[in-house]
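An overview of the molecular structure
Each chain is listed here by its residues.
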Amino acid sequence: MTPAIEVRNLWKRFVLRHNRAETLKSRIMGVFDSRLRERRETFWALQDVTLNVQPGETLGLIGPNGSGKSTLLRLIARTYYPTRGSVTVRGRVSPMLEIGVGFHQELTGQENIYLNGSLLGLSRRETERLYPAIVEFSELEDFIDVPVKNYSSGMHARLGFSIAAHLDPDVLLIDEALSVGDEGFQRKCQERMQQFRARGLTIMFVSHNLRTVAALCDRVCLLVHGKVEALGPVDAVVSRYQELTAVMTSGDGRMLGPELPSRSGETL
Amino acid sequence: MTAADVVAHLRYRDLLFSLVLTELKVKYRGSTLGFLWSLLNPLALILIYSVAFRYIIRIQIERFTVFLIAGLLPWGFFASSATASTISLMVNAGLLKKVHFPREILPAATVLFNLIQTLLALAVFLPSLFVLRGSVPWTLVFYPVVLAIQAVFVLGVALGLSALTVSFRDLRHLTEVGLTMLFWLTPIVYRISMVPAGMQAAFRLNPMTSFVSVYQDIAYWGRPPSAGDFLVLAGWAVGALLVGWAIFRRRAPYLAEDL
């Protein structure tokens with residue numbers, strides 16, 4: 001079967017800029033005074049990651065902070081660009097990374113639904129068709145004509161999830177989105193996820209909540225320092241993660257890994 | 001760019017219109033005078049320059065206000081687009097990080113928004129121009145063509161400036177200073193023939209000089225532009241678009257991480 005998401009030997013390098021020369025002025029001053037010069041350090045956020053997600057499969061992505069989970073999701077969503085290797089996604093992607101960031105605060109909920117729809121590649125007519133279901137799911141009927149700046153953070157998240165969840169995507173990318181809203185809404189989101197799985201959507205799901213991961217995923221991938229540490233059945237990978245965490249925390253009391261993994265230390 | 005890319009871009013034309021509509025809504029919401037506010041700025045400039053140049057400096061240009069309007073409105077389109085384009089990517093950092101879409105749409109929306117503002121201003125000031133002038137020159141039929149060519153030129157400038165400002169944040173302030181200087185180096189409140197002969201060649205290196213001169217021809221002098229005029233304008237437009245887009249394409253893949 002052709003995978004829905006195909007990640008091949010993917011490497012992503014970030015450039016850390018100390019004393020970042022963000023302006024022409026500092027760039028020019030750097031020529032005269034080496035103390036003002038920008039120092040660049042690179043680190044590899046992802047190293048040689050290869051994985052496939054089959055159509056209809058739900059893959060969980062776990063790992064300590066800074067292990068490259070969100071970076072991988074952004075590369076699949078195509079907002080980041082690979083340094084080496086390739087990412088292929090077949091079908092329409094609905095990203096749920098950092099829900100609600102795409103909202104315009106001055107616009108009403110209704111206007112934001114249309115704006116968000118067009119951002120995700122929908123025509124106005126397609127959004128019009130989905131509009132009633134989005135509003136109903138979000139339970140924001142009474143506030144839909146109010147500017148989003150007056151929404152609570154929970155209302156923000158509900159609207160964001162509802163839009164992303166109704167786009168009829170083929171591939172769904174979720175970054176900790178289910179930890180939003182009150183308990184009732186969280187349950188609703190999980191139900192919706194189960195519906196998506198039943199309908200055969202391909203889902204990639206980042207979470208620190210191992211119980212949710214175990215409940216929702218077919219397979220799990222464990223990332224550590226930007227490398228695939230384990231990839232396979234839920235139980236095996238989750239217990240491997242727990243082992244790792246236990247070793248690291250009992251060792252010297254530090255959490256697993258530094259915030260920025262695998263600094264290569266090379267200077268550009 | 002492949003054919004598939006073009007098709008993908010066409011799918012996003014609703015996004016372009018949504019973004020422009022958003023800017024218009026946000027700008028005019030909650031003000032009863034609505035778009036009249038955006039006429040205030042050109043109106044104030046026209047009044048103050050008319051007073052200064054007609055009555056104080058006593059410039060030797062007949063019907064100075066007509067002459068001024070002919071050059072000032074197209075300049076406003078260029079200047080306000082350039083200023084707004086410098087921040088068009090930075091204010092949308094959230095969108096760029098969250099969703100994949102053709103990045104060109106953001107500066108393009110800025111230019112389209114300013115074009116609409118310019119059209120609104122033209123709808124009001126062009127008729128008043130003919131009250132002042134006494135007659136309607138037939139050469140005005142060239143106006144939409146010249147404006148379309150200018151829009152391409154402005155788009156090129158906006159693409160380049162928006163991408164460069166992400167790397168060099170102070171470009172925003174440099175642009176403002178640069179535009180103020182360029183305004184006085186463009187024959188808007190004086191005629192190019194008033195510039196000392198030795199400096200005229202240098203003045204003609206300024207693309208806005210070419211555009212403004214053609215606008216004055218068709219709206220003030222009633223002279224049809226020559227084929228050569230159109231070639232020069234088209235050359236500036238295509239050149240700006242190619243350079244601006246090349247700069248933009250080079251930075252586009254890394255915008256989400258640089259912002």
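Just above sits the structure.
Of regular secondary structure, chain A possesses eight helices and ten strands. Put simply, chain A has 268 residues, and 48% of those count as buried. For chain A, the share of sequence-separated contacts (at least 6 apart) that also reach a separation of at least 24 residues comes to 71%. Here chain A displays about 12500 Å² of accessible surface, and carbon together with sulfur accounts for 49% of that area.

Attention now moves to the packing of aromatic side chains. Under the counting rule described, the total for this entry stands at 21 aromatic pairs over all chains. Look at B:Tyr49 and B:Trp184: their rings are 5.9 Å apart centre to centre, the planes differ by 90°, and that puts the pair in the edge-to-face class. Of the two residues, B:Tyr49 is situated in helix H3 (residues 36-56) and B:Trp184 in helix H8 (residues 171-185); the sequence distance between them amounts to 135 residues. On the basis of relative accessibility, which here comes to 15%, the residue B:Tyr49 falls in the buried class. Feature note: the residues B:Tyr49, B:Phe53, B:Phe64, B:Trp75, B:Phe78, B:Phe153, B:Phe183, B:Trp184 and B:Phe211 constitute an aromatic cluster, connected by ring pairs. The lysine or arginine in question, A:Arg84, covers the ring of A:Trp11, its NZ or CZ lying 5.1 Å from the ring centre. Seen from the ring of A:Tyr114, A:Arg124 lies directly overhead, with NZ or CZ sitting 4.4 Å from the centre.

Quick look at the interface of chain A and chain B now. On the side of chain B, 31 residues touch chain A, which itself brings 39 residues to the contact. Counting each side, the surface lost to burial between chain A and chain B is near 2900 Å², with a carbon and sulfur contribution of 56%. For chain A, the biggest contributors to the area lost against chain B are A:Leu24, A:Thr79 and A:Leu119; these three give 20% of the whole. Summed over the shared surface of chain A and chain B, the result is two salt bridges. A salt bridge links B:Lys25 to A:Glu111; the nearest nitrogen and oxygen atoms lie 3.5 Å apart. Run the count over chain A and chain B and you get eight residue pairs in polar contact (both at pLDDT 80 or more). Of all the secondary structure elements, the ones that give two or more residues to the side of chain A that touches chain B are strand E1 (5-18), helix H1 (24-32) and helix H3 (109-119) of chain A.

Residue and element names in this part refer to chain A. Structurally, the position occupied by Pro-55 is in the loop between strand E2 (39-53) and strand E3 (58-62). Sequence-wise, Pro-55 and Leu-201 are 146 residues apart; in three dimensions their C-alpha atoms are separated by 6.8 Å. Those residues within four positions of Pro-55 in sequence are excluded, and the remaining contacts are Met-1, Thr-2, Pro-3, Ala-4 and Thr-202.

Attention shifts here to H3(A). Each α-helix turn comprises 3.6 residues. Residues three or four places apart therefore point the same way. Buried residues dominate H3(A), accounting for ten of its eleven residues. One or two positions beyond H3(A), positive phi appears at A:Gly121, with a value near 90°.

Relative to the helices and strands, A:Val31 is located in helix H1. Here the alpha-carbon distance between A:Val31 and A:Arg211, two residues 180 residues apart in the chain, equals 54 Å.

With that out of the way, let us pick up the pattern of salt bridges. All names here are of chain A. A full pass over the atoms with the stated rule returns twelve salt bridges over all chains. Measuring nitrogen to oxygen at the nearest pair gives 2.6 Å for the salt bridge that ties Asp-218 to Arg-197. Of this pair, Asp-218 sits in the loop between helix H7 (210-216) and strand E8 (219-224) while Arg-197 sits in helix H6 (residues 183-199), placing them 21 residues apart in sequence. Among the ionic contacts, a cluster of salt bridges with common partners joins Glu-6, Arg-8 and Arg-90.

All names here are of chain B. On the surface, a cluster of nonpolar side chains totalling about 710 Å² of accessible area is made up of Leu-33, Phe-35, Leu-36, Trp-37, Leu-40, Leu-43, Leu-47 and Val-124. Sorting elements by how many residues they give to the nonpolar patch places H3 first, with five residues. With respect to the element layout, Val-124 can be found in helix H6 (residues 105-133).

Residue and element names in this part refer to chain A. With five of its five residues buried, strand E7 (residues 202-206) lies for the most part within the structure. Alternating residues of E7 divide into Thr-202, Met-204 and Val-206 and Ile-203 and Phe-205, and every residue in both groups is buried. Bridging between E3 and E7 involves four bridges; their strand directions are parallel. Its bridge partner being in E7, Gly-60 is matched across the sheet by Phe-205.

When two helices pack together, you describe them by how their axes are tilted relative to each other and by the distance separating the axes. Residue and element names in this part refer to chain B. Packing of helix H4 (residues 64-88) against H6 leaves a shortest axis separation of 9 Å and a crossing angle of 165°. Regarding the angle of H4 to H6, the classification is roughly antiparallel. As for the relative orientation of H4 and H6, their crossing is right-handed in sense. A breakdown of the residues in the contact of H4 with H6 according to their chemical character gives 15 nonpolar, eight polar and one charged.

Thresholds, definitions, all that
Residues numbered from 1 in each chain as written. Chains lettered and ligands numbered in written order. Predicted model: local features only at pLDDT ≥ 70, side-chain atom pairs only at ≥ 80, totals over all residues. Heavy atoms only, no water. Helix = DSSP H or I, 4+ residues; strand = E, 2+ residues; numbered from the N terminus. Buried < 20%, exposed > 50% of the residue type's maximum accessible area, 1.4 Å probe, protein only. Contact = heavy atoms within 4.5 Å. Areas by Shrake-Rupley, 256 points an atom, 1.4 Å probe, with all protein chains shown as cover. Phe/Tyr/Trp six-rings, centres within 6.5 Å; stacked < 30°, edge-to-face > 60°. Lys NZ or Arg CZ within 6 Å of the ring centre and 35° of its normal. Buried area = accessible area lost by both parts, 1.4 Å probe. Salt bridge = Lys/Arg side-chain N within 4 Å of Asp/Glu carboxyl O. Polar contact = N/O pair within 3.5 Å; in protein donor to acceptor, adjacent residues only side chain to side chain. Patch = residues over 30% accessible without salt bridge, like charges linked within 9 Å, V, L, I, M, F, W, Y side chains within 5 Å. Pairing = 2+ DSSP bridges. Axes fitted to C-alpha atoms, helices over the stretch in contact; angles between N-to-C directions. Parallel < 35°, antiparallel > 145°, perpendicular 65-115°, else oblique. Left-handed = near helix turned anticlockwise from the far one by under 90°. Nonpolar A, V, L, I, M, F, W, Y, C, P; charged D, E, K, R; others polar.

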